[in-house]
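Read off the chains here:
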Amino acid sequence: MLNYVARRLLLMIPTLFVISLIVYMIINMPPGDCVTSQIEELLSRGDADALARADELRALYGLDHSVWYRYFNWLGGVFRWDFGLSCQDTVPVKALIGERLMLTIVMESCTILFIWTVSFVIGVYAATHQYQVGDYAASFIGFLGLAIPNFLLALVLLYVGKVYFGVSIGGLMDPEFIEKPMSWDKVVSIAQHLVIPTIVIGTSGTAGMIRRLRANLLDELQKQYVVTGRAKGLSPFKLLVKYPLRHAINPFVADIGHLLPEVVSGSVIVSVVLSLPTMGPMLLSALKTQDVNLAATFLLFVAVLTVIGMLISDLLLAALDPRIRFGAAGEK
Amino acid sequence: MSSLVLSYPRHSLWADYIRAIGGAVLCGLPLLLFPVERWIGLVLAAGFVVFALFFIRTFLRQRTRYILGPDALAADGPWGARVEWDRLDRMKLAYYSTKRDRSGGWMQLAIRSAGSRTVKIDSSLDCFYDIVEQAALAAQARDLELSHATRANLRSMGISVAGQEETV
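Residues numbered from 1 in each chain as written. Chains lettered and ligands numbered in written order. Predicted model: local features only at pLDDT ≥ 70, side-chain atom pairs only at ≥ 80, totals over all residues. Heavy atoms only, no water.

K.L.:
Help me understand the overall build of chain B, please; the structure alone is not making it clear to me.
P.N.:
Within chain B, the secondary structure is distributed over four helices and seven strands. For chain B, the N- to C-terminal ordering of α and β elements is β-α-α-β-β-β-β-β-β-α-α. Taken along its principal axes, the extent of the C-alpha atoms in chain B is 60 × 35 × 30 Å. By the burial criterion, 47% of the 168 residues in chain B qualify as buried. Restricting the contact set of chain B to residue pairs at least 6 apart, pairs at least 24 apart contribute 54%. (Helix = DSSP H or I, 4+ residues; strand = E, 2+ residues; numbered from the N terminus. Buried < 20%, exposed > 50% of the residue type's maximum accessible area, 1.4 Å probe, protein only. Contact = heavy atoms within 4.5 Å.)

Structure (structure tokens):
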């Protein structure tokens with residue numbers, strides 16, 4: 001296992017480096033920079049010194065250096081938890097992302113937990129009760145979840161909450177806690193507000209996972225060893241848990257890595273619609289204004305979380321099911 | 001059956017040394033070159049420890065000879081152990097691959113006899129098939145219960161253990 005861990009870690013480090021490089025270069029590719037839009041705004045207001053200020057601002061943000069110099073400067077800063085200045089408010093990126101990053105991680109973790117819990121229960125039920133009312137209901141919910149875009153569901157819930165219940169379900173905490181330091185009351189408020197975004201963001205992932213688990217479990221349940229076990233008089237529960245469920249659950253574990261980027265990217269528009277103070281809306285605005293340091297930092301975090309998710313899923317899979325797959329090359 | 005003296009091929013050991021040193025440099029260099037934030041430093045230090053352990057494991061492998069005999073498999077080296085076939089009480093054959101399609105991986109056999117330390121060997125060891133076959137025969141003679149993954153991996157190597165077919 002040490003061999004496996006070392007090899008996986010060794011793959012992880014250059015992967016993160018390459019991702020950070022590609023992300024940084026792509027954000028820099030469009031013509032202009034974050035100062036361009038600021039200067040255009042100043043010129044439109046009739047500010048005569050706008051062009052003179054452009055050079056000052058470019059020097060302040062380091063835009064007078066080459067893109068390679070800026071990249072390595074930013075990357076070196078990552079190790080010191082210093083991601084440079086954001087163009088949006090001329091404040092350090094780390095001051096902007098602090099609470100947003102934490103709230104994003106909390107929200108995405110809750111969403112992934114929601115997806116796993118709900119899809120596991122419904123998926124197993126649907127597979128073990130094939131072609132019964134519960135299975136049809138689960139399939140219907142699954143197709144509904146896949147068909148409805150998350151942001152539309154968010155809009156519908158906002159409307160229903162406001163019109164029929166008189167409550168606003170936007171935001172991730174009550175207004176009195178915004179910009180306030182963390183406290184127990186604030187934690188409770190965040191927990192209460194997390195419910196709707198978790199359901200909204202998690203619905204499509206849950207639907208997909210239910211379909212996958214149901215299909216895999218049905219495949220396993222039709223295999224010869226299950227028939228043999230049934231013929232030998234094993235109880236249905238033991239027969240289900242001992243092998244079929246263990247094998248069918250592999251996609252769950254394998255999806256840890258894939259789920260994270262899906263949930264993060266899927267939550268951007270929902271966060272805008274529900275006014276959630278997470279990374280999504282800020283990333284969107286950073287990309288629009290070419291705030292390279294801020295956007296690259298966010299995307300680096302997504303990449304780190306994805307790569308860690310992949311590592312966890314691979315390690316779990318290697319520990320749970322270290323089987324060779326037929327068709328794969330065998331030994332060295 | 002006469003005894004066979006086996007060792008890991010030089011190219012496989014060098015590949016592991018390069019991995020261990022490469023990983024240790026990638027994790028350790030930032031710690032030496034930059035002032036690093038404390039928790040990032042902890043993550044890098046943990047990575048460095050993993051690669052250092054991997055280096056030590058590779059070194060131990062280089063210094064170990066495996067002697068396969070009709071009665072036992074002996075790992076003769078700094079962290080040596082002896083697995084007697086007629087006292088075998090654990091056998092696990094796992095397959096690992098770092099690729100998504102699980103191709104190009106390697107097998108790892110873990111065996112232990114009562115009262116001894118577990119011996120773990122990778123498929124890059126010379127005559128790995130013979131060791132696995134011998135262990136499977138011993139497992140069959142001892143009526144050892146093998147995991148589903150071990151049985152599947154044995155089948156993929158063309159080795160079947162009587163009484164260990166697909167059962168529930």
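K.L.:
What should I look at first to understand the state of the cysteines in this one?
P.N.:
All names here are of chain A. Following the criterion strictly, the structure yields one disulfide over all chains and no others. Covalently, Cys34 is tied to Cys87 through a disulfide, its sulfur atoms 2.0 Å apart. Between Cys34 and Cys87, the S-S torsion sits near -55°, and that sign places the bridge as left-handed. In this pair, Cys34 sits in helix α2 (residues 34-44) while Cys87 sits in the loop between α4 (67-79) and α5 (93-128), placing the two residues 53 residues apart along the sequence. (Disulfide = S-S within 2.5 Å.)

K.L.:
Can you walk me through the sheet that holds strand β6 (residues 106-113) of chain B in this structure?
P.N.:
Strand pairing in a sheet relies on backbone hydrogen bonds. The paired strands run either parallel or antiparallel. Residue and element names in this part refer to chain B. Taken together, the three strands give an open sheet; going across it, the order is β5-β6-β7, and neighbouring strands pair in antiparallel fashion. With one partner strand each, in any of the chains shown, β5 (88-96) and β7 (119-122) form the two edges of the open sheet. Ignoring strand direction, the axes of neighbouring strands in this sheet form an average angle of 15°. Packed onto the sheet, helix α3 (residues 128-142) meets β5, β6 and β7 and runs at close to 135° relative to β5. (Pairing = 2+ DSSP bridges. Axes fitted to C-alpha atoms, helices over the stretch in contact; angles between N-to-C directions.)

K.L.:
Help me out: how do you make sense of the pairing of strand β4 (residues 81-84) of chain B in this one?
P.N.:
Working note: regular strand, side chains alternate between the two faces of the sheet. Residue and element names in this part refer to chain B. Alternating positions in β4 separate cleanly, Ala81 and Val83 being buried on one face and Arg82 and Glu84 remaining unburied on the opposite face. Where strand β3 (residues 72-76) meets β4, four bridges bridge the pair, whose relative direction is antiparallel. Across the sheet, residue Ala72 finds its bridge partner in β4, namely Glu84. Here β3 folds back onto β4 in antiparallel fashion, the turn holding four residues.

K.L.:
Help me out: how do you make sense of unusual backbone geometry in this one?
P.N.:
With glycine set apart, most residues show a phi of negative sign, and most peptide bonds adopt trans. Backbone geometry places A:Gln290, a non-glycine residue, at a positive phi of 55°. Residues other than glycine seldom take positive phi values, yet B:Asp143 does so here, at roughly 55°. As for its position among the elements, B:Asp143 is in the loop between α3 and α4 (148-156). Owing to a relative accessible area of 67%, B:Asp143 belongs among the exposed residues under this scheme.

K.L.:
Explanation requested: the domain arrangement of chain B in the structure shown.
P.N.:
Interface size, as often reported, equals the accessible area lost upon joining of the parts. All names here are of chain B. We note that the domain assignment places domain 1 (8-62) and domain 2 (69-156) within chain B. A C-alpha centroid distance of 27 Å is found between domain 1 and domain 2. Facing six residues of domain 1, the contacting portion of domain 2 comprises eight residues. Taken over both partners, the interface formed by domain 1 and domain 2 buries close to 560 Å², and the fraction arising from carbon and sulfur atoms is 55%. Between Asp122 and Arg61 there is a salt bridge, and its shortest N-O distance comes to 3.1 Å. (Domains from an automatic or database assignment. Buried area = accessible area lost by both parts, 1.4 Å probe. Salt bridge = Lys/Arg side-chain N within 4 Å of Asp/Glu carboxyl O.)

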